[in-house]
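The chain contents come next:
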Amino acid sequence: MSVKSSEESYKLAKAIFQDISDDFYNIENNRDSYDDYTIDEILSNIKKLNRYVNKISISELRSVYE
């Protein structure tokens, strides 16, 4: 893996994580009515998040960032 691909995976993972957090916040605070589609979308985003997190090489990033 390269530093660039790890950076891209990190940025994508961060964005997806924020979407998941927002969805859970809205559900917990009854801001959105949720249905099976919403839950399926959240689960799909969690799977995507796992894939991107697994593509991040911490050792590669440490070589460039403190």
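Residues numbered from 1 in each chain as written. Predicted model: local features only at pLDDT ≥ 70, side-chain atom pairs only at ≥ 80, totals over all residues. Heavy atoms only, no water.

(A) Representation of the overall build of the protein in the model. If you tally the helices and strands in the protein, you get 3 helices and 0 strands. Secondary structure elements in the protein, listed N-terminal to C-terminal, are α-α-α. Computed over the C-alpha atoms, the radius of gyration of the protein is 15 Å, more than 25% above the 11 Å expected from 2.2 N^0.38 for a compact globule of 66 residues. Burial status across the protein gives 21% buried among its 66 residues. Across the protein, the fraction of contacts at a sequence separation of at least 24, relative to all contacts at a separation of at least 6, is 81%. When the accessible surface of the protein is summed, it comes to about 5,300 Å², and 50% of that surface belongs to carbon and sulfur atoms. A distance of 7 Å separates the average location of the 9 positive side-chain charges in the protein from that of its 13 negative side-chain charges. (Helix = DSSP H or I, 4+ residues; strand = E, 2+ residues; numbered from the N terminus. Rg over C-alpha atoms; globule rule 2.2 N^0.38 Å. Buried < 20%, exposed > 50% of the residue type's maximum accessible area, 1.4 Å probe, protein only. Contact = heavy atoms within 4.5 Å. Areas by Shrake-Rupley, 256 points an atom, 1.4 Å probe, with all protein chains shown as cover. Lys, Arg positive; Asp, Glu negative; His and termini not counted. Charge placed at Lys NZ, Arg CZ, Asp CG, Glu CD.)

(B) Region of interest: the packing of helix 1 (residues 3-28) against helix 2 (residues 36-54). Remark: helix 1 packs on helix 2, axes separated minimally by 9 Å, with the N-to-C direction vectors making an angle of 155°. Between helix 1 and helix 2, the interaxial angle falls into the category roughly antiparallel. When you trace helix 1 past helix 2, the crossing you get is left-handed. Judged by residue contacts, Ser 9, Leu 12, Ala 13, Ile 16, Phe 17, Ile 20, Asp 23, Phe 24 and Ile 27 of helix 1 engage Ile 39, Ile 42, Asn 45, Ile 46, Lys 48, Leu 49, Tyr 52 and Val 53 from helix 2. Tallied by class, residues from the contact of helix 1 with helix 2 come to 13 nonpolar, 2 polar and 2 charged. (Axes fitted to C-alpha atoms, helices over the stretch in contact; angles between N-to-C directions. Parallel < 35°, antiparallel > 145°, perpendicular 65-115°, else oblique. Left-handed = near helix turned anticlockwise from the far one by under 90°. Nonpolar A, V, L, I, M, F, W, Y, C, P; charged D, E, K, R; others polar.)

(C) Just the confidence of the model for the protein, in detail. Residue-level pLDDT values for the protein average 90, and 97% of them are 70 or greater. Mean pLDDT in the protein bottoms out at helix 3 (residues 58-62), which sits at 88, and peaks at helix 2, which reaches 94. (pLDDT = per-residue confidence, 0-100.)

(D) Expanded view of a nonpolar patch on the surface. On the surface, a nonpolar cluster with roughly 430 Å² of combined accessible area is contributed by Phe 24, Tyr 34, Ile 39, Leu 43 and Ile 46. Sort the elements by how many residues they give to the nonpolar patch and helix 2 lands first, with 3 residues. (Patch = residues over 30% accessible without salt bridge, like charges linked within 9 Å, V, L, I, M, F, W, Y side chains within 5 Å. Salt bridge = Lys/Arg side-chain N within 4 Å of Asp/Glu carboxyl O.)

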